[in-house]
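So you can see what is in the structure, the chains are spelled out below.
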Amino acid sequence: MRERDDPQVIGRRVQHLRTQRGLTQRQLAEPAYTPAYISTLEAGRVRASDEALTHIADRLGVAYEELAVGRPAHLAVGLRLRLTEAQRILADGRAEEAAAQYSALLAEAETHGLGGEQAGALLGLGECALETGELATARECFERAEERLAGESLPVRVPAVRGRAVSHYLAGELRYAVYLLETALDELNRGGLHDPEALLQLYAAVIGPYMDMGAHARAAKAAEFALALAPQAEDPALIARMHRSVARTLLADGRAAEADASLAKAAELYRGLRLRTELANCHWMRGYVCAQAGELERAEDELRKALAMLSQTRAALYRSQAAVELADVLHRRGRSAEAAELLQGVLGDLSSERGAVHAAAAHRLLGIIAEDGRDTEAAEEHYVRALSLLERAGAAGDLADLCRLLGDLLRRTGRTEAALDAYRTGLGHRTAPGTTTLGPAPAQPPLGP
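Everything numeric here is computed off the predicted structure, so don't read it as measured data.

Asks: Describe the overall build of the chain, listing the residues and the values that go with them.
Replies: Helices and strands together make up the secondary structure of the chain, namely 23 helices and zero strands. Looking at the 449 residues of the chain, the share that counts as buried comes to 51%. Counting only contacts in the chain whose residues sit at least 6 apart along the sequence, the fraction spanning at least 24 positions is 63%. Only carbon and sulfur atoms are counted for the fraction: they give 50% of the accessible area of the chain, which is about 20,100 Å².

Below, the structure is given as structure tokens:
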């Protein structure tokens, strides 16, 4: 038997629709049933068969679903159509407009008890909040989405896991973000759940936390896996638009199942548009690795690619973080004025609650540039701001380096005791047990032939 409400609820619904249409019980019953049967059904004393409800629904001019569960015909398909529209708006960079649509969709899905559509709307709201930097709101949305998807397989839950991890990472909670992402990766790969899109989202998301924790080899390996998986999720926008148009046509024709299948493809493709951000992160990581190897020209090229991709997605927070990495390369190439201008332009998008590690990196680099210009007062101010941000985020390796810079500055300006305190603090962070130890790496995906 198909999904349906209790007999009493269905009985009241049948009676309401019958009287609304001015039909007698006999007119509703004929030719297959008797007026007495309709009377018993309306009183909630009989559990009607699917065949009986289908007959009554036809006589009332409504869909079986509307009679059985009180849900307007094709509601779920219609909501999914609107979800793909909201995804398109978000992919176009209009986060606030998309959030308004997702909120309306969430309310409607909750009214009708549609769990999958509730999860879709919550995921969308979480992504909107990430785009606008409202990290607490984003985390709450992703947690609620995970609750709605609790009975689904891990690949289905990955967008919520990834979103929650990213919100923790951007708030400076690096180790917990890595824990969430590595746990999911390990479960996918050990369980043989080789879902390329799910794996790509997780590998690309874990690169940033790895880098900030000093786990550069692990970050490079994650980037390698992500780039190997990326060709399986290429340019989705045009195909997604086609599927949405086809779905509207099918729905208007009453072909709900086919429309739903087309919408599912569109939704998957629009979700793929988020991969522009993920692929940008991979170019970002490549640029970082090249910079560490002293290949500054190639590093600048990779970082500019990342910045251009992030500008297309209008992901302001990520764009600001990539700009900090690019500024470091520009400084090392002797273009300090250009680097400082780039940093001053993005500092407003970064704070202790939004991109703390990169905000600290921006202040650190501005401090170095100020020192090069013999402005020791400005340099010290930037170093102290960076120190405060890094202590909150727990980025131990960066803290040790910054304490060295600050100590050197204090020593050069004659404040020996203060310099020694800075050096001791840095040594404490450098030797703190477990600061960058992440334990065994997660199982690897089968990428070979």
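Asks: Got a sec to walk through the packing of aromatic side chains? Specific residues and values, please.
Replies: Tallied over the entire structure, the rule returns three aromatic pairs. Plain terms: the ring middles of Tyr33 and Tyr37 are 5.2 Å apart, the flat faces sit at 20 degrees to each other, and that makes the pair stacked. By relative accessible area, which is 24% here, Tyr33 ends up partly exposed.

Asks: Go over the pattern of salt bridges with me, naming the residues and quoting the values.
Replies: Where charged atoms from two side chains of opposite charge come close, those side chains can pair. Tallying each qualifying case throughout the model produces 27 salt bridges. A salt bridge links Arg148 to Glu147; the shortest N-O distance between them is 3.9 Å. Residue Glu147 is classed as exposed on the basis of its relative accessible area, which comes to 54%. With its nearest N and O atoms 2.8 Å apart, the salt bridge here joins Glu381 to Arg385. Of the two residues, Glu381 and Arg385 are both situated in helix 21 (residues 376-393); the distance of four residues between them amounts to about one turn of the helix. Accessibility expressed as a relative area gives 43% for Glu381, which makes it partly exposed. Taking the relative accessible area as the measure of exposure, Arg385 reaches 42% and is therefore partly exposed. Each of the salt bridges in this network shares a partner with another, and the network as a whole consists of Glu300, Arg304, Arg333, Arg335 and Glu338.

Asks: Residue-level account of the nonpolar core, with values.
Replies: One broad rule of soluble globular proteins: the nonpolar side chains tend to lie buried together. If you look at the biggest cluster of nonpolar residues, it comprises 113 residues, and the most contacted ones within it are Tyr102, Leu130, Leu170, Tyr203 and Tyr383. In terms of residues, this core owes the most to one element, helix 12 (residues 196-212), which gives ten residues. Excluding its chain neighbours within four sequence positions, the residues that come into contact with Leu130 are Leu135, Ala138, Phe142, Arg162, Gly163, Val166, Ser167, Leu170 and Tyr318.

Asks: I'd like a description of the side chain of Glu300, backed by residues and values.
Replies: Following the sequence through the fold, Glu300 ends up in helix 17 (residues 296-313). At 3.0 Å, the side chain of Glu300 forms a polar contact with the side chain of Arg335. Apart from residues no more than four positions distant in its own chain, Glu300 is found in contact with Leu326, Val329, Leu330, Arg333 and Arg335.

Asks: So what about the environment of Arg286? Which residues, and what values?
Replies: Along the chain, the position of Arg286 falls in helix 16 (residues 275-292). For Arg286, a relative accessible area of 36% gives the class partly exposed. Remark: the alpha-carbon pair of Arg286 and Glu224, spanning 62 residues in sequence, is separated by 9.2 Å.

Asks: How would you summarise the packing of helix 6 (residues 75-91) against helix 8 (residues 115-132) if you had to cite specific residues and measurements?
Replies: Axes are the key here: two packed helices are described by the angle between their axes and the distance separating the axes. Here helix 6 crosses helix 8 at 10 degrees, and the two axes come no closer than 10 Å. Judged by the angle between their axes, helix 6 and helix 8 are roughly parallel. In the packing of helix 6 onto helix 8, the handedness of the crossing is left-handed. Together, Ala76, Leu79, Arg80, Leu83 and Leu90 of helix 6 and Glu117, Gly120, Ala121, Gly124, Glu127, Cys128 and Glu131 of helix 8 make up the contact between the two elements. Partitioning the contact of helix 6 with helix 8 into residue classes produces six nonpolar, two polar and four charged.

Asks: Explain the packing of helix 9 (residues 135-148) against helix 10 (residues 154-170) to me, and be specific about the residues and the numbers.
Replies: Relative to each other, helix 9 and helix 10 sit at 155 degrees, their axes nearing to 8 Å. One finds that helix 9 runs roughly antiparallel with respect to helix 10. Note that helix 9 runs across helix 10; the crossing there is left-handed. Across the interface between the two elements, Leu135, Ala138, Arg139, Phe142, Glu143, Ala145 and Glu146 from helix 9 touch Pro159, Ala160, Val161, Gly163, Arg164, Ser167, His168 and Leu170 from helix 10. The class makeup of the residues in the contact of helix 9 with helix 10 is eight nonpolar, three polar and four charged.

Asks: Break down helix 3 (residues 35-42) for me, with residues and values.
Replies: For helix 3, the complete set of buried residues consists of Ile38, Leu41 and Glu42. Buried residues of helix 3 fall within an arc of 95 degrees about the axis and therefore sit on the same side. Check the buried side of helix 3 and you find it contacts helix 1 (7-20), helix 2 (25-29) and helix 4 (50-60).

Asks: Would you mind going over the side chain of Ser320 in detail, with residue names and values included?
Replies: With respect to the element layout, Ser320 can be found in helix 18 (residues 316-332). Beyond its immediate sequence surroundings of up to four residues, Ser320 is in contact with Val346, Asp349 and Leu350.

Asks: Could you give an account of the confidence of the model for the chain, naming the residues involved and the relevant values?
Replies: Model confidence for the chain is summarised by a mean pLDDT of 80, while 79% of its residues fall at 70 or above. With pLDDT under 50 throughout, residues 431-437 is counted as low confidence; its partners more than four residues away or in other chains account for seven contacts.

Asks: Could you give an account of the environment of Tyr169, naming the residues involved and the relevant values?
Replies: Locating Tyr169 in the fold gives a position in helix 10. Taking C-alpha positions, Tyr169 is 9.1 Å from Val206, a pair spaced 37 residues apart along the chain.

Asks: Outline helix 10, listing residues and values.
Replies: With 17 residues, helix 10 extends 23 Å between its outermost C-alpha atoms, agreeing within 8% with the 24 Å of an ideal straight helix rising 1.5 Å per residue. At Ala160, helix 10 shows its largest kink, close to 25 degrees. Among the 17 residues in helix 10, 16 count as buried, and that is most of the element. With its phi angle positive at about 95 degrees, Gly172 sits one or two positions after the end of helix 10.

Conventions and cut-offs
- Residues numbered from 1 in each chain as written.
- Predicted model: local features only at pLDDT ≥ 70, side-chain atom pairs only at ≥ 80, totals over all residues.
- Heavy atoms only, no water.
- Helix = DSSP H or I, 4+ residues; strand = E, 2+ residues; numbered from the N terminus.
- Buried < 20%, exposed > 50% of the residue type's maximum accessible area, 1.4 Å probe, protein only.
- Contact = heavy atoms within 4.5 Å.
- Areas by Shrake-Rupley, 256 points an atom, 1.4 Å probe, with all protein chains shown as cover.
- Phe/Tyr/Trp six-rings, centres within 6.5 Å; stacked < 30°, edge-to-face > 60°.
- Salt bridge = Lys/Arg side-chain N within 4 Å of Asp/Glu carboxyl O.
- Core = buried A, V, L, I, M, F, W, Y, C linked by side-chain atoms within 4.5 Å.
- Polar contact = N/O pair within 3.5 Å; in protein donor to acceptor, adjacent residues only side chain to side chain.
- Axes fitted to C-alpha atoms, helices over the stretch in contact; angles between N-to-C directions.
- Parallel < 35°, antiparallel > 145°, perpendicular 65-115°, else oblique.
- Left-handed = near helix turned anticlockwise from the far one by under 90°.
- Nonpolar A, V, L, I, M, F, W, Y, C, P; charged D, E, K, R; others polar.
- Arc of directions from axis to C-beta.
- pLDDT = per-residue confidence, 0-100.
- Expected span 1.5 Å × (residues − 1).
- Bend = angle between axes of the 7 residues up to and from the residue.

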